[in-house]
Amino acid sequence: MPALPETAFQLKGGCFCSAIRYTISIPELEARPKIPNDPKKEIFPPNKVSERLPMITLDHCTSCRRIGGTIIESWFICPQAWVQFTLQNRCATGNPASASPDDSVKPTMMEYLMPDREMQEKTYLTYFSSSEDVNCTFCGKCGTHL
């Protein structure tokens, strides 16, 4: 399995229709927090890159499989401060081309994870509560879960 780069880098992505975009800014290796060591969960010998965040993991619990409609779900685990979301504003005309990039919304992580009614009405971000204290956010325009 190839290791992540030791230098600082960015990952960019978003939903299928681009109404929700994200940028994850990963700092250079020495600035990344170490992952607590748990010998019971060690699958492969750690190296200087794999012993630090970000951590990429797989989940096959029933909730995650059902939400994603998949056999297995992958997770990219990193500090919240590394992630920035950009949400497209809904436009009154229904024509996304008429929306200005300056009108986009950059929510805090908590606003993204638990969007209030105003955020849901203003953008395409929506969610449902999959279990107590757990919201699954997704794009209300194209349906991509993020």
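Remember, predicted model here, so these are calculated numbers, not experimental data.

J.: Got a sec to walk through the nonpolar core? Specific residues and values, please.
T.: Counting 19 residues, the largest nonpolar core has Ile20 and Leu87 as the members making the most contacts within it. Listing elements by their share of this core, those giving two or more residues are strand S2 (20-26), strand S5 (83-87) and helix H2 (109-113). Residue contacts for Ile20: discarding those within four places in its chain leaves Gly13, Gly14, Cys15, Phe85, Thr86, Leu87, Tyr112, Leu125, Phe138, Cys139 and Leu146.

J.: I'd love a proper account of the sheet that holds strand S1 (residues 9-14), names of residues and values included.
T.: The 3 strands are arranged S1-S2-S5 in an open sheet whose pairing can be described as antiparallel. Whereas interior strands pair on both sides, the edge strands pair on one side only; in this sheet they are S1 and S5. For this sheet, the mean angle separating the axes of adjacent strands, direction not counted, is 15°. Two strands pair when backbone bridges link them, and S1 and S2 are joined in this way by 6 bridges, in the antiparallel orientation. Across the sheet, the residue bridging to Gln10 is Ser25, located in S2.

J.: Summarise a nonpolar patch on the surface; cite the residues concerned and give the values.
T.: Taken together, the side chains of Met55, Trp75 and Ile77 present a nonpolar region at the surface, about 260 Å² in accessible area. Inspection of the secondary structure puts Trp75 in strand S4 (residues 73-77).

J.: Before we move on, could you go through the pairing of strand S7 (residues 134-139) and cite the residues and values that matter?
T.: Relative to S7, strand S6 (residues 125-131) runs antiparallel, the two sharing 6 bridges. Each residue of the ladder has a partner; that of Leu125, found in S7, is Cys139. Hairpin connection from S6 to S7: 2 residues lie between these consecutive antiparallel strands, with Asp133 at a positive phi of about 65°.

J.: Describe the packing of aromatic side chains, with residues and values.
T.: Aromatic ring pairs are described here by two measures, namely the spacing of the ring centres and the angle between the planes. Inspection of every chain in the model, using the stated rule, returns 2 aromatic pairs. Here the aromatic rings of Tyr22 and Phe85 are separated by 6.4 Å at their centres, their planes lie at 65°, and the arrangement is edge-to-face. One end of the pair, Tyr22, is in strand S2; the other, Phe85, is in strand S5, and 63 residues separate them in sequence. The exposure class of Tyr22 is partly exposed, given its relative accessible area of 24%. Using a relative accessible area of 9% as the deciding quantity, one classes Phe85 as buried. What links up through ring pairs into an aromatic cluster is the set Tyr22, Phe85 and Tyr112. In this arrangement the basic side chain of Lys141 is found over the ring face of Tyr124, its NZ or CZ atom lying 5.0 Å from the centre.

J.: Provide a residue-level description of the environment of Asp133, including the pertinent values.
T.: Examined against the element boundaries, Asp133 turns out to sit in the loop between S6 and S7. Looking at Asp133, the relative accessible area reads 74%, which means it is exposed. When the C-alpha positions of Asp133 and Met114 are compared, they lie 9.6 Å apart, and in sequence the two are 19 residues distant.

Thresholds applied
Residues numbered from 1 in each chain as written. Predicted model: local features only at pLDDT ≥ 70, side-chain atom pairs only at ≥ 80, totals over all residues. Heavy atoms only, no water. Core = buried A, V, L, I, M, F, W, Y, C linked by side-chain atoms within 4.5 Å. Buried < 20%, exposed > 50% of the residue type's maximum accessible area, 1.4 Å probe, protein only. Helix = DSSP H or I, 4+ residues; strand = E, 2+ residues; numbered from the N terminus. Contact = heavy atoms within 4.5 Å. Pairing = 2+ DSSP bridges. Axes fitted to C-alpha atoms, helices over the stretch in contact; angles between N-to-C directions. Patch = residues over 30% accessible without salt bridge, like charges linked within 9 Å, V, L, I, M, F, W, Y side chains within 5 Å. Areas by Shrake-Rupley, 256 points an atom, 1.4 Å probe, with all protein chains shown as cover. Salt bridge = Lys/Arg side-chain N within 4 Å of Asp/Glu carboxyl O. Phe/Tyr/Trp six-rings, centres within 6.5 Å; stacked < 30°, edge-to-face > 60°. Lys NZ or Arg CZ within 6 Å of the ring centre and 35° of its normal.

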